[in-house]
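Residue strings, one per chain:
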Amino acid sequence: MDPDADVPILLEASETNLPHQSFHESSTNVSVADSAAATMGSESFREFSDRGQISSNSSSDDEISDEDSFVESACNSNKPLSTQECFNESDMSSDDDWVEEPCADEPMHNIPCLFCVEILPSAHSLLEHCKNVHHFSLPALQKRHGMDQYSFIRLINFIRSCNVTSREVMEMDTPIWEQDKFMMPVIEDDALLMYDFDGDDGLKSTVSQAVSTTASSADSDNVKVRTEGQMFSNFRVANAEGGHVTLSQAHFDDLHATLQKMQLVVDESNATLKQYQKDMDSMRKAMKHMVMGDKQSKEEEELAAIQRFEEEEDEEDGYFSGYAHFSIHHDMLADKPRTDSYRDAIIKNSHMIKDKVVLDLGCGTGILSMFAVQAGASKVIGVDQSQIIFNAMAIIRENKMENKIKLIRGRIEEVTLSEPVVDVLVSEWMGYFLLFEGMLDSVIHARNKYLAPGGLMLPNACTISMMAVGDSERYSEMVRFWDDVYGLKMTSMRPEVLREASIETVPVEKILSDPSLVLQLDLKTCTSQETEFFRAFQLKMTREDKLTALVGSFDVTFHLDHTVMLSTSPYSPPTHWKQTVFYLPEPITVHAGQVLECSIKVQRHSKEVRWLDVAIMINGDKFKYSLS
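Every chain's residues receive numbers from 1 upward, in the order its sequence appears when written. Selection of residues for local features in this predicted model requires a pLDDT of at least 70, selection of side-chain atom pairs for listing and counting requires 80 or more, and totals for whole chains, interfaces and linings are taken over all residues. As a rule here, side-chain values cover all heavy atoms of the structure and leave hydrogens and water aside.

A word on the overall build of the protein chain. Numbering goes from the N terminus for both helices and strands, where a helix is a DSSP run of H or I of at least four residues and a strand is a run of E of at least two. When helices and strands are counted, the protein chain shows 18 helices and 18 strands. Within the protein chain, the proportion of its 628 residues that are buried is 51%. By definition, residues are in contact when any of their heavy atoms lie within 4.5 Å. Within the protein chain, contacts between residues at least 6 apart in sequence are counted, and of these 74% link residues at least 24 apart. Partly exposed describes any residue whose relative accessible area lies between the buried limit of under 20% and the exposed limit of over 50%, with all areas from a 1.4 Å probe on protein chains only and scaled to the type maximum.

What follows is the structure in structure tokens.
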């Protein structure tokens with residue numbers, strides 16, 4: 001039996017190039033299937049189900065209201081939604097509207113049997129009828145397939161859709177009803193979908209007797225059987241009114257936490273699988289090389305190119321997954337100069353943001369989006385590829401801003417926003433040495449595609465400066481350390497150590513020169529090509545000392561009616577970006593007033609565009625570094 005062949009199309013699959021399905025949420029009601037898809041958020045989720053699209057967006061095709069669900073997928077932002085695809089949020093606007101479903105001992109009239117034309121007065125009597133007449137055992141299915149409340153809902157809709165017999169269901173080795181399209185009720189206001197397992201004492205008694213009988217007959221085999229109360233202890237009541245399943249706030253929070261744990265397991269499994277695949281590919285290559293030597297066919301070259309592309313995709317996913325860790329967001333939020341600068345730029349220029357549509361690119365925890373709402377923005381769209389966006393969803397709900405902020409998971413280059421243009425583009429895109437991580441490319445893309453003419457960029461200007469450093473003590477810790485490691489020489493490590501630019505806070509008293517500007521970008525007009533540059537510059541020494549390194553820092557400026565500047569200079573309050581230090585192979589003696597003729601060339605890494613290759617020349621001597 002093929003359920004897809006027998007069941008009418010309940011849900012239309014979304015058309016998208018993204019591997020991420022939508023996660024819609026109203027103020028108090030959330031689609032079960034979309035919750036699962038959002039938290040899994042990857043190709044891995046599709047391994048669990050043949051997914052159809054479920055949406056809770058209640059806005060019309062040409063109007064967006066404050067009651068819009070605030071989390072949407074890039075795959076359906078501009079797609080008109082049919083009545084089958086939409087939640088009616090007018091019926092579920094607040095927790096006050098939540099109505100507890102009747103307990104199992106309360107009559108639920110006119111419930112059609114799952115397998116015949118009989119009409120039963122309650123869920124309990126229906127299940128008893130199915131057990132006695134059709135030999136349908138719900139506890140047996142639960143035990144065999146590990147079913148939960150949502151599996152039960154899918155099972156009921158599956159049976160009603162596919163017209164299967166009780167025998168066919170009981171003999172199934174796998175729960176083929178575990179597809180999200182079966183979350184859509186087949187019978188409108190089907191009371192059986194609201195059945196509360198925990199509230200039915202009659203079913204508990206029946207199941208307990210069956211369990212006791214089974215346990216007694218299996219004592220010789222030491223079989224332990226769980227009681228029905230244990231099996232269903234975590235079940236909750238879902239609201240299935242209006243043809244859609246909705247959840248209470250507490251129920252949603254529990255589901256969200258469970259799915260996050262599932263995602264961790266899936267991520268670990270995927271990482272292990274990828275590593276196994278890479279190991280096997282390496283073994284195959286080694287064997288081919290041993291047998292065929294250096295000969296390589298055209299087909300093999302094409303396969304190698306495909307593999308390199310897949311590795312680049314893996315690295316891209318790794319970049320975004322790094323921002324799913326909470327520690328990095330703690331560091332950014334705890335960075336007062338960073339966060340205060342953005343807040344001041346937004347709040348102190350609220351008259352420029354009031355009633356505007358704002359795009360928060362790389363929204364993370366959503367703090368800049370919430371600042372924009374506090375400044376009076378009419379709507380904020382937050383975009384982030386990282387899974388932290390699901391935590392941002394909870395944060396925004398916690399601060400009661402879900403009617404103003406809509407979140408989209410995906411790359412800005414691939415998503416389609418619900419708004420054709422935005423008035424304000426805000427992004428905290430800067431990496432170490434300003435350009436590391438290459439997120440400015442995404443900001444430029446968003447600016448060119450979505451920012452209205454004359455719209456605001458926050459920030460809208462940035463610079464990089466270089467200074468000379470003389471810190472012999474730190475130099476010994478970082479470079480000369482390898483000359484004597486517990487009495488052993490490890491000087492072979494020095495070239496690699498020197499090649500890696502170091503991220504650290506440089507004491508002001510160690511600075512030997514005034515800063516020299518090497519890059520200046522107008523974010524309203526710059527291009528991605530300008531992030532690769534060459535600049536000659538001079539450094540004038542302020543005192544005699546040993547030059548041990550050059551240090552780079554950056555500033556970003558919000559040129560608005562109330563101008564705000566965020567600086568990572570050693571002379572400014574420290575930030576989580578610190579400074580970027582380029583150590584020299586050997587210290588250089590310098591004198592007060594001496595001018596060093598220098599140059600710097602910054603390019604993207606040949607294989608990983610988010611990394612940087614930096615070449616620095618000092619009085620004709622060239623040194624190479626990398627930020628990776």
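Our next topic: helix H16 (residues 440-450). Within H16, burial applies to Leu440, Ser442, Val443, Ile444, Ala446, Arg447 and Tyr450. The inward-facing, buried residues of H16 abut strand S4 (357-361), strand S7 (422-427), strand S8 (451-458) and strand S11 (516-522).

We now examine the packing of helix H13 (residues 336-347) against helix H14 (residues 367-374). Whenever a helix is involved, its axis is fitted only over the stretch in contact; in every case the axis is a line through C-alpha atoms, and angles between N-to-C directions fall within 0 to 180 degrees. At a closest axis distance of 9 Å, the pairing of H13 and H14 adopts a crossing angle of 25 degrees. One element, H13, and the other, H14, form an angle in the roughly parallel class. The element H13 and its partner H14 pack so that their crossing is right-handed. Across the interface between the two elements, Thr339, Tyr342, Arg343, Ile346 and Ile347 from H13 touch Ile367, Leu368, Phe371, Ala372 and Gln374 from H14. Roughly parallel refers to an angle under 35 degrees, roughly antiparallel to one over 145, roughly perpendicular to one between 65 and 115, and oblique to any angle outside these ranges. Left-handed describes a crossing in which the near helix is turned anticlockwise from the far one by less than a right angle; the clockwise case is right-handed.

With that out of the way, let us pick up the packing of aromatic side chains. Stacked, tilted and edge-to-face are the three classes assigned to paired rings of Phe, Tyr and Trp, where Trp is represented by its six-membered ring and a pair needs centres within 6.5 Å; plane angles under 30 degrees give stacked, over 60 edge-to-face, the rest tilted. The full count for this structure, using the stated rule, is 10 aromatic pairs. On the numbers, 6.0 Å between centres and 40 degrees between planes, the contact of Phe158 with Trp177 is tilted. You can see Phe158 sitting in helix H6 (residues 149-162) and its partner Trp177 sitting in the loop between helix H7 (166-170) and helix H8 (201-217), a full 19 residues away along the chain. Residue classification places Phe158 among the buried positions, given a relative accessible area of 0%. Consider the rings of Phe582 and Tyr625, whose centres lie 5.2 Å apart with planes at 65 degrees: the pair is edge-to-face. Taken as a pair, Phe582 in strand S15 (residues 579-590) and Tyr625 in strand S18 (residues 621-627) lie far apart in primary sequence, 43 residues in all. Taken individually, Phe582 and Tyr625 each receive the classification buried, so the pair is uniform in this respect.

Quick look at unusual backbone geometry now. The omega angle of the peptide bond from Leu458 to Pro459 is -5 degrees, so this bond is cis rather than trans. Structurally, Pro459 is set in the loop between S8 and strand S9 (461-469). Positive phi, normally seen in glycine, also occurs at Asp355, with a value near 65 degrees. Take Asp355: it is sitting in the loop between H13 and S4. On the basis of relative accessibility, which here comes to 54%, the residue Asp355 falls in the exposed class. At Tyr486, a position not held by glycine, the phi torsion is positive, near 55 degrees. Mapped onto the elements, Tyr486 comes out in the loop between helix H17 (472-478) and helix H18 (494-499).

Moving on, we get to the nonpolar core. Ranked by size, the top nonpolar core spans 92 residues in total, and within it Leu434 and Ile600 carry the most contacts. Sorting elements by how many residues they give to this core places H14 first, with six residues. Residues in contact with Leu434, not counting those within four places in the same chain, are Trp429, Cys462, Thr463, Ile464, Leu519, Phe554 and Val556. Here, the term nonpolar core denotes a set of buried Ala, Val, Leu, Ile, Met, Phe, Trp, Tyr and Cys residues that are joined through side-chain atoms within 4.5 Å. Core analysis: the second largest hydrophobic core is formed by 35 residues, Ile111, Tyr150, Leu155 and Phe182 among them.

Summary of the metric used: pLDDT quantifies the predictor's per-residue confidence within the range 0 to 100. Looking at the protein chain, pLDDT values average 76 and 67% of them are 70 or higher. Below pLDDT 50 for its whole length, residues 198-233 participates in 34 contacts with residues either more than four positions away or in separate chains. Note on residues 318-324: pLDDT is under 50 here. Beyond four places in sequence and across chains, it has 17 contacts.

By secondary structure assignment, the location of Asp471 is in the loop between S9 and H17. Among buried Asp, Glu, Lys and Arg side chains, Asp471 stands out as unpaired, with Lys510 the closest opposite charge at 4.1 Å. Other than its neighbours up to four places away in sequence, Asp471 contacts Pro507, Lys510, Lys546 and Thr548. None of His or the chain ends enter the tally, which takes Lys and Arg as positive and Asp and Glu as negative. In what follows, salt bridge is the name for a side-chain nitrogen of Lys or Arg lying within 4 Å of a carboxyl oxygen of Asp or Glu.

Turning next to the pattern of salt bridges. This structure, assessed with the given rule, holds 16 salt bridges. Arg160 is the salt-bridge partner of Asp190, the closest N and O atoms lying 2.8 Å from each other. Taken together, the residues span a long stretch of sequence, with Asp190 in the loop between H7 and H8 and Arg160 in helix H6 at a distance of 30 residues. Take Arg160: its relative accessible area is 12%, and that puts it in the buried class.

Turning to the pairing of S7, a few remarks are in order. Across the six residues of S7, five count as buried, placing the element largely inside the fold. For two strands to count as paired, DSSP must find a minimum of two bridges between them. Looking at chain direction, S4 and S7 are connected through four bridges and run parallel. If you follow Leu361 over to S7, its bridge partner there is Ser427. The pairing of S7 with S8 spans four bridges and is parallel.

On to the environment of Ser528. With respect to the secondary-structure elements, Ser528 resides in the loop between S11 and strand S12 (533-540). Under the relative-accessibility criterion, Ser528 is labelled partly exposed at 22%. Apart from the residues within four sequence positions on either side, Ser528 is in contact with Asp441, Ile444 and Arg604.

A separate point is a positive patch on the surface. Each patch is assembled from residues with relative accessible area greater than 30% and no salt bridge, linking like charges that lie within 9 Å and nonpolar side chains (Val, Leu, Ile, Met, Phe, Trp, Tyr) that lie within 5 Å. Only the protein chains shown count as cover for residues, with accessible areas throughout obtained via the Shrake-Rupley method and a probe of 1.4 Å. Where a charge sits is defined by one atom per residue type, namely NZ (Lys), CZ (Arg), CG (Asp) or CD (Glu). Among the surface-exposed residues, Arg499, Lys601, Lys622 and Lys624 lie close enough to one another that they form a single positively charged patch. With respect to the helices and strands, Lys601 occurs in strand S16 (residues 595-604).

Time to look at H6. To estimate the expected span of a helix, count its residues, drop one, and scale the result by 1.5 Å. For H6, spanning 14 residues, the distance from its first C-alpha to its last is 20 Å, which sits close to the expected 20 Å at 1.5 Å a residue. By the N-cap criterion, in which a side-chain oxygen at the helix start approaches the backbone nitrogen of a residue two or three places on, H6 is capped by Asp148, the distance to Tyr150 being 3.1 Å. Once H6 ends, the next one or two residues include Asn163, with phi positive near 55 degrees. N or O atoms closer than or at 3.5 Å make up a polar contact, with two conditions inside protein: a donor-capable atom paired with an acceptor-capable one, and, for residues adjacent in sequence, both atoms drawn from side chains.

Right, let's talk about the sheet that holds strand S17 (residues 612-618) for a bit. Taken in spatial order, the four strands line up as S12-S16-S17-S18 in an open sheet, and their pairing is antiparallel. Of all the strands in the sheet, the pair left with one neighbour each is S12 and S18. Neighbour-to-neighbour, the strand axes of this sheet turn through a mean angle of 20 degrees, independent of strand direction. In the sheet, S16 pairs with S17 via seven bridges, with the strands oriented antiparallel. Across the sheet, Gln603 pairs through a bridge with Asp613, a residue of S17.

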